[in-house]
Amino acid sequence: MSPQPESYDVVVLGAGPTGENLADRAKAAGLSTVVVESQLVGGECSYWACMPSKALLRPAAALAHARALPGAKQAVTGGLDTAAVLARRDEFTSHWHDDGQVEWLRSTGIDLVRGHGRLAGERAVLVDGERLLTARHAVAVCTGSRPALPHVPGLAEAHPWTSRDATSSAVVPRRLAVVGGGVVAVEMAAAWRALGSEVTLLVRGKGLLPRMEPFAGELVAAGLAEAGVTVRLGTGVTALHRDGPVTLTLDGGELLEADEVLYATGRAPRTDDIGLESLGLAPGSWLETDDSCLVNGVPGGWLYAAGDVNHRALMTHQGKYQARIAGAAIGARALGTPLDTARWGAHSASADVAGPPQVVFTEPEAASVGLTAAGAEAAGLRVRTVDHDLGQVAGASLYGDDYRGRARLVVDLDREVVVGATFVGPAVAELLHSATVAVVGEVPLARLWHAVPAYPTISEVWLRLLEALRG
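Residues numbered from 1 in each chain as written. Predicted model: local features only at pLDDT ≥ 70, side-chain atom pairs only at ≥ 80, totals over all residues. Heavy atoms only, no water.

(A) Here's a closer look at the overall build of the chain. Secondary structure assignment for the chain yields 15 helices and 21 strands. For a compact globule of 471 residues, the expected C-alpha radius of gyration is about 23 Å, and the chain comes in at 24 Å, within 12% of that figure. Seen through its C-alpha atoms, the chain measures out along the principal axes to roughly 70 × 65 × 45 Å. For the chain, the proportion of its 471 residues judged to be buried stands at 49%. (Helix = DSSP H or I, 4+ residues; strand = E, 2+ residues; numbered from the N terminus. Rg over C-alpha atoms; globule rule 2.2 N^0.38 Å. Buried < 20%, exposed > 50% of the residue type's maximum accessible area, 1.4 Å probe, protein only.)

Here it is as structure tokens:
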């Protein structure tokens, strides 16, 4: 017997930050909303990504900054308390219980259905084959992404760590091999080295953080090496074998032994078992959308995809941004209100295209927004780049002795606006939002000249960069 349909205005698949925010915006628009979640409410970011990883990284950064200050470094007489660091990490994950997030959903009037949801035709979601949820206006897929593992002989049998294991392990491995050169790889290499692991970072490419300016990867690689991480560029893994420890066979036949191996080599969409085939879409595929996050190629204009699944910008803050845009668009369409999908319109996730902000919480930190110099040139822009040594800024020299870092602006010469910015150095993450405002707001350079940075702060680098532009 077929289950009796339960009808809502909006059905959301996935209760991570993206799904929560989209549901919240839909509810705020007056639409009845239900969220379907098969794991923990709060998703990857809350339990296995952003929060636990930064909780692991912050103590090491604080210790490094204290040791860079005469007077303070004499007071630092020991290393990290590993048990205390892991305990604080566990507190930030609520010990992998989602009671608080579930209570928040309930407080907003959003319903929660536990179980695995699959699309079952137009505006329909079947949960665990038993409950049929139907949507009067929209279904939103916010199921996120998962680690993508390459095809390497022996990899499955070696039981590698993925990002979830790396952020949740209760044990510090004596030797950890990390395969990859992106954000997860470098952050976890830094975190576990600070907690005492002998870490070897194996990078197939020529540098770290390939989506950022080249100098960002170079400075982060130098910081990792100074912390004791062995960084090996241009090195691939051809096979693995576990017999207690893991033995990695590297290019050329060299063997490397480790107690654990972390693979951080990319992400894949969690769309392989959500019923895409019922709509003529390929299971396991990224969901291509327009700027309002409406999925392309689905008749009737009812299926949305926000967050990692649409492959626009795989970062939590961008998923939440897309959720706000999509929720507003769903509300407007439900009310029959025309959409504002122009660039920077209320129903257009334009920031995804302009270049989302990103911070890598290593020591030094790397923070960027917008286009790199190479990306701007590839987009056909006539650009100029200006760089400045962050260590020569008064606020940076006060922050810590031997402060090393670099800042870059990428300027569109025809429009005379900043289209990209990168900062690398200790504690530069908080510089990033000013750059984001400049890029998204398309603030003219002539007006930025009047945005006076306080003295003596690291933000004074803005003045130095603008002075270089003016000659």
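Past the structure itself, the notes keep going.
(B) Region of the structure containing the pairing of strand S12 (residues 246-250). Side chains of S12 alternate between two faces, with Val246, Leu248 and Leu250 buried and Thr247 and Thr249 left unburied. Linking strand S11 (residues 237-242) back to S12 in an antiparallel pair, the connection comprises 3 residues, with Gly244 at a positive phi of about 85°. Taken together, the 4 bridges between S12 and strand S13 (residues 255-258) define a ladder with antiparallel strand orientation. The residue of S13 that forms the bridge with Thr249 is Leu255. What sits between the antiparallel neighbours S12 and S13 is a turn of 4 residues, in which Gly252 has the positive phi angle 90°. (Pairing = 2+ DSSP bridges.)

(C) The nonpolar core, seen in detail. Among the nonpolar cores identified, the biggest contains 33 residues, and Trp192, Leu201 and Leu208 are the most heavily contacted of them. If you list the elements that add at least two residues to this core, you get helix H3 (50-67), helix H4 (82-92), strand S8 (175-179), helix H7 (183-194), strand S9 (198-203) and helix H8 (214-227). Once you skip the residues sitting within four places of it in the chain, Trp192 turns out to touch Leu56, Leu86, Trp161, Ala166, Ser169, Val171, Val172, Pro173, Leu176, Ser197 and Val199. (Core = buried A, V, L, I, M, F, W, Y, C linked by side-chain atoms within 4.5 Å. Contact = heavy atoms within 4.5 Å.)

(D) Structural context of the sheet that holds S13. The 3 strands are arranged S11-S12-S13 in an open sheet whose pairing can be described as antiparallel. The sheet is open, and its two edges are formed by S11 and S13, each paired on a single side. Neighbour to neighbour, the strand axes of the sheet diverge by 20° on average, direction disregarded. Where S11 lies against S12, 5 bridges are found, and the strand directions are antiparallel. By the bridge assignment, Leu240 is partnered in S12 with Leu248. (Axes fitted to C-alpha atoms, helices over the stretch in contact; angles between N-to-C directions.)

(E) Representation of H3 in the model. Here H3 spans 26 Å end to end across 18 residues, near enough to the 26 Å set by a 1.5 Å rise per residue. Of all the bends found along H3, the most pronounced is centred on Leu57 and spans about 25°, while Pro59, a proline, follows it within four residues. Turning to H3, its buried residues are Pro52, Ser53, Ala55, Leu56, Leu57, Ala61, Leu63 and His65. On its buried side, H3 packs onto helix H2 (43-48), H4, helix H6 (163-168), H7 and helix H12 (394-399). (Expected span 1.5 Å × (residues − 1). Bend = angle between axes of the 7 residues up to and from the residue.)

(F) Structural view of the sheet that holds S9. If you trace the 4 strands from one edge of the open sheet to the other, you get S10-S9-S8-S14, paired in parallel fashion. In this open sheet, the two strands that pair with only one neighbour each are strand S10 (230-233) and strand S14 (260-263). Strand-to-strand, the axes of this sheet are offset by a mean angle of 15°, without reference to chain direction. As defined by bridge partners, S9 adjoins S10 across 4 bridges and the pair is classed as parallel. Considered in S10, the bridge of Val203 is made with Leu233. Of the strands in this sheet, S8, S9 and S14 are in contact with H7, which crosses S9 at around 165°.

(G) Up close: the side chain of Glu460. Here Glu460 shows up in the loop between helix H14 (445-448) and helix H15 (461-470). The buried category is assigned to Glu460, whose relative accessible area is 10%. Glu460 has contacts with Val393, Ala394, Pro453 and Tyr455, leaving out every residue within four places of it along the chain.

(H) How the structure looks around the packing of aromatic side chains. In the structure shown here, the tally under the stated rule is 4 aromatic pairs. Ring geometry for Trp161 versus Trp192: centroids 5.7 Å apart, planes at 55°, classification tilted. One end of the pair, Trp161, is in the loop between strand S7 (145-147) and H6; the other, Trp192, is in helix H7, and 31 residues separate them in sequence. Relative accessible area serves as the criterion here: at 8%, Trp161 is assigned to the buried category. Residue classification places Trp192 among the buried positions, given a relative accessible area of 0%. Ring geometry for Phe423 versus Trp462: centroids 6.3 Å apart, planes at 55°, classification tilted. Of the two residues, Phe423 is situated in strand S21 (residues 417-425) and Trp462 in helix H15; the sequence distance between them amounts to 39 residues. (Phe/Tyr/Trp six-rings, centres within 6.5 Å; stacked < 30°, edge-to-face > 60°.)

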